[in-house]
Amino acid sequence: MSSSPRSLPSRARGLYFGWYIVGSGATSNFLVSGMAIWSFGVFIEPIREETGWTTAAVAAGFSIRALEQGVFGPFAGAFIDRFGPRIMARSGLVILAIGLVLLSQAHTLPMYYGASIVLAIGQSSSTFMPYSALIVRWFQVKRGRAMGFLNSGNGSGFALVPLIAVLIAAFGWRTTLVISAVIILTIALPLTFTMRNDPSVMGLEPDGEPIRARRSGITPFAMTGDSVGAALRTPAFYLLALAQCANVATVQAWVVYQFPHLREQGLGVGYATAAGVGYAFSQVIFRPSSGLLGDRIGRRRLLIAAFALQAVGIVVLASVSAERLWLLAPYYATFAFGQAAWVVLHTAIVADYYGPRRFATINALVNATAMPVAVGSPIVAGIVFDRVGSYVPVFTTCGLLSAVAAVAILLIRRRPYEIPDESEPATAPLVAPTVGATTHGGMHHVGRQPA
């Protein structure tokens, strides 16, 4: 192998460049999630008070975002696979900022819903999907921990909720949306300059190892993997989709109504936002640690446990009240950790089963199947609250749905995707695999990829 600067192992030059991408993505996800997702619950009351719209009508804007993401997501994934993640991330951040400004100017429900559609397009194409696609290309053995650090950004975005609440109190909800747009354009957009297509441009394999062989026709790791058609013919795809549908219904209701639920249970604004901040800080710890744990004990095994913990945790949250604040501790230990592991591992497992070549498209299709429940969950929860005045029945039902997700992952029997071994000549004689190695489907795998 050449010893030119581009071919030198990254550990000889310092920190593996993939970790810089992880850091940029985590920071960008922190801003986007905090200002465009987690803070939505804080906006509900000010919007209702000014406009007179019902809770269900306001929540429908959040559901429209989920609808648009479900429709647009597969196209965004195909675009990333075809043209690369950086151009998608940049255009998505600009569209997201435009959507926030349009939302700030909405004075009627049609304007509000139209702005929500623009916001959804930007949200689904800005940072989460492009950076996840890059992590799949830059990491394999350490994919779980890299995804964990990446997604600690969107989890810790909850820490921005108190800031958003302060800005709303000081300037109003409309001005706060404009401020959010400016922050995203001035901080998140420049971070996209760290994005590189795959490690082969630096003479590296995933995880920072030097490319072991260079011969004519060798395929870069980022270009290996199953086609979309092949993925759609596997039972694992539909079980992954079922798990996503069941759990997204839980998460959508939780995102929109956690803050209003805590207020209804007697917690003041300070306590309710503090609970959200506690969740945010827990994600900074839980997401990287769940990724590391998944790499060590098996990502599929930990994902099953994560859904079970979410099922318990969401029921615990339903019982939190001003008199039972101590329940926040078991809530963080169950739901907060379970959701952290789900965010990190569900995406990583799609790559584990199907490889990086069409990962963005396949992952977007899995997520798109959850569109109906993502749209319906907040609306149904809002209707239930408007009728019975409580979110407890909703959160209890969500616990059952997370249990369904655990069963779906338990039923998957597909083996992890294995990288074609192109370092050997095509005419190499067949030999029995050594201890710790497996051969399968024309592939050769040497115990590198836990799943």
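Numbering of residues starts from 1 in every chain and runs along the sequence as written. In keeping with the predicted nature of the model, local features appear solely for residues at pLDDT of at least 70, side-chain atom pairs appear and are counted solely at 80 or more, and the whole-chain, interface and lining totals rest on all residues. With hydrogens and water stripped out, all remaining heavy atoms of the structure feed into the side-chain values.

A. Spotlight on the overall build of the protein chain. Helices and strands together make up the secondary structure of the protein chain, namely 18 helices and 2 strands. Accessible area is worked out with a 1.4 Å probe on protein chains only. A residue is then buried under 20% of its type maximum, exposed over 50%, and partly exposed in between. Sorting the 451 residues of the protein chain into buried and exposed places 56% on the buried side. We call two residues in contact when some of their heavy atoms are within 4.5 Å. Within the protein chain, contacts between residues at least 6 apart in sequence are counted, and of these 85% link residues at least 24 apart. In DSSP terms, a helix is any run of H or I states spanning at least four residues, a strand is any run of E spanning at least two, and both are numbered starting from the N terminus.

B. Focus on the side chain of Ser125. As for its position among the elements, Ser125 is in helix 6 (residues 109-125). On the accessibility criterion, Ser125 (2% relative accessible area) is buried.

C. Structural detail: the confidence of the model for the protein chain. Taken as a whole, the protein chain shows an average pLDDT of 81; of its residues, 85% reach a score of 70 or greater. At the level of individual helices and strands, the protein chain shows its lowest average pLDDT in strand 1 (residues 438-440), which scores 37, and its highest in helix 10 (residues 173-191), which scores 94. Across the chain, each position has a pLDDT score giving the predictor's confidence in that residue, from 0 to 100. Counted against residues more than four places away or in other chains, residues 425-451, with its pLDDT under 50, gives 41 contacts.

D. Main features of the packing of helix 3 (residues 40-51) against helix 12 (residues 235-264). In this analysis, axes come from line fits to C-alpha atoms, helices being fitted only over the stretch in contact, and the angle between any two N-to-C directions falls in the range 0 to 180 degrees. Running from N to C, helix 3 and helix 12 point in directions that differ by 60°, and their axes come no closer than 7 Å. On the basis of the axis angle, helix 3 is oblique to helix 12. In this structure, helix 3 crosses over helix 12, and the sense of that crossing is right-handed. Note on element contacts: helix 12 touches helix 3 through Val256, Phe259 and Pro260, opposite Phe40, Gly41 and Ile44. Residue polarity is assigned by list, with Asp, Glu, Lys and Arg as charged and Ala, Val, Leu, Ile, Met, Phe, Trp, Tyr, Cys and Pro as nonpolar; anything else, Gly included, falls into the polar class. Considering only residue class, the contact of helix 3 with helix 12 consists of 5 nonpolar, 1 polar and no charged. In these notes the angle categories are as follows: under 35 degrees is roughly parallel, over 145 is roughly antiparallel, 65 to 115 is roughly perpendicular, and the rest is oblique. For any pair of crossing helices, the crossing counts as left-handed if the nearer helix is rotated counterclockwise from the farther one by less than a right angle, and right-handed if it is rotated clockwise.

E. Here's a closer look at a nonpolar patch on the surface. Together, Val94, Ile98, Leu102 and Leu185 line one region of the surface with nonpolar side chains, adding up to about 300 Å² of accessible area. Summarising the element assignment, Val94 is placed in helix 5 (residues 85-104). Patch members must show over 30% relative accessible area and no salt bridge, and they are joined within 9 Å when carrying like charges or within 5 Å when they are nonpolar side chains of Val, Leu, Ile, Met, Phe, Trp or Tyr. The Shrake-Rupley method, run with a 1.4 Å probe, gives the accessible areas here. Residue values count only the displayed protein chains as cover. By salt bridge we mean one thing: a side-chain nitrogen of Lys or Arg within 4 Å of a carboxyl oxygen of Asp or Glu.

F. Summary view of the environment of Ser125. Between the C-alpha atom of Ser125 and that of Gly77, which follows or precedes it by 48 residues, the distance is 8.4 Å. Discounting residues that sit within four places of it in the chain, Ser125 has contacts with Phe72, Met88, Ala89, Gly92 and Pro130. We call two N or O atoms a polar contact when they sit within 3.5 Å, provided that within protein one can donate a hydrogen and the other can accept it, with sequence-adjacent residues counted only if both atoms are side-chain atoms. One polar contact links the side chain of Ser125 to the main-chain carbonyl oxygen of Ile121, over a distance of 2.7 Å.

G. Region of interest: the nonpolar core. The definition of a nonpolar core used throughout is a set of buried Ala, Val, Leu, Ile, Met, Phe, Trp, Tyr and Cys residues joined through side-chain atoms within 4.5 Å. With 131 residues, the main nonpolar core has Tyr112, Leu240, Trp254, Tyr331 and Tyr354 as its most contacted residues. Looking at this core element by element, the count peaks at 18 residues for helix 15 (residues 328-354). Among residues more than four places away in sequence, those in contact with Leu240 are His346, Ile349, Val350, Tyr353, Tyr354, Val366, Ile409 and Ile412.

H. The packing of aromatic side chains, seen in detail. Aromatic rings from Phe, Tyr and Trp, taking only the six-membered ring of Trp, are treated as a pair when their centres fall within 6.5 Å; an angle between ring planes under 30 degrees marks them as stacked, one over 60 as edge-to-face, and anything in between as tilted. Taken as a whole and judged by the stated rule, the model has 15 aromatic pairs. Centroid distance Phe286 to Phe337: 5.4 Å. Interplanar angle 85°. Geometry classified as edge-to-face. Taken together, the residues Phe286 in helix 13 (residues 269-297) and Phe337 in helix 15 connect sequence positions 51 residues apart. Measuring from centroid to centroid gives 6.4 Å for Tyr353 and Tyr354, while their planes differ by 70°, and the two rings are edge-to-face. The rule is short: NZ of Lys or CZ of Arg within 6 Å of the ring centre and within 35 degrees of the ring normal puts a charge over the ring. In this arrangement the basic side chain of Arg82 is found over the ring face of Phe83, its NZ or CZ atom lying 4.9 Å from the centre. Residue placement shows Arg90 over the ring face of Phe193; its charged tip is 4.1 Å from the ring centre.

I. Focus on the pattern of salt bridges. In this structure the tally under the stated criterion is 7 salt bridges. Ionic pairing is found between Arg145 and Asp295, a salt bridge with its closest N-O pair at 2.9 Å. Residue Arg145 is found in helix 8 (residues 143-156), and its partner Asp295 is found in helix 13; the two are separated by 150 residues along the sequence. Among the salt bridges present, the one from Arg299 reaches Asp352, with a minimum N-O distance of 2.6 Å. Of this pair, Arg299 sits in helix 14 (residues 299-319) while Asp352 sits in helix 15, and the two are 53 residues apart along the sequence.

J. Inspection of the packing of helix 2 (residues 17-38) against helix 8 at higher detail. Between helix 2 and helix 8, the least distance of the axes is 6 Å, while the angle of their chain directions is 30°. Between helix 2 and helix 8, the interaxial angle falls into the category roughly parallel. Here the hand of the crossing between helix 2 and helix 8 comes out right-handed. The residues of helix 8 that touch helix 2, namely those facing Trp19, Val22, Gly25, Ala26, Asn29, Phe30, Ser33 and Trp38, are Arg145, Ala146, Phe149, Leu150, Gly153, Asn154, Gly155 and Ser156. The residue inventory of the contact of helix 2 with helix 8, partitioned by class, reads 8 nonpolar, 7 polar and 1 charged.

K. Region of the structure containing the environment of Ala272. On the secondary structure map, Ala272 appears in helix 13. Each C-alpha atom, one on Ala272 and one on His261, is 8.9 Å from the other, the two residues being 11 residues apart in sequence. Those residues in contact with Ala272 that sit more than four places away from it in its chain are Phe259, Leu262, Arg263 and Leu267.

L. A look at helix 5. A helix's residues, less one, multiplied by 1.5 Å, set its expected span. Taking 1.5 Å as the rise per residue, helix 5 with 20 residues should run 28 Å; its terminal C-alpha atoms sit 29 Å apart, in good agreement. Those residues of helix 5 lying buried are Pro85, Met88, Ala89, Gly92, Leu93, Leu96, Ala97, Gly99, Leu100, Leu103 and Ser104. Buried residues of helix 5, viewed axially, fall in a sector of 165°; they line one side. An arc is given here, and it is the one of the directions from the helix axis to the C-beta atoms.

M. How the structure looks around helix 3. The end-to-end C-alpha distance of helix 3, which contains 12 residues, comes to 16 Å, matching closely the 16 Å that a straight helix rising 1.5 Å per residue would cover. Regarding helix 3, the residues found buried are Phe40, Gly41, Val42, Phe43, Ile44, Pro46 and Ile47. Of the residues flanking the end of helix 3, it is Gly52, one or two places downstream, whose phi is positive at about 80°.

N. A look at the environment of Ala408. Its place among the elements puts Ala408 in helix 18 (residues 392-410). Beyond its immediate sequence surroundings of up to four residues, Ala408 is in contact with Leu239, Leu242 and Ala243.

O. Up close: the side chain of Asp198. As for its position among the elements, Asp198 is in the loop between helix 10 and helix 11 (228-232). Positive residues here are Lys and Arg, negative ones are Asp and Glu, while His and the chain termini are left out of the count. No salt bridge is formed by the buried Asp198; its nearest oppositely charged neighbour, Arg137, is found at 5.4 Å. Among the polar contacts listed, one links the side chain of Asp198 to the side chain of Asn197, at a separation of 3.3 Å. Excluding residues within four positions of it along the chain, Asp198 makes contact with Arg137, Trp138 and Ala222.

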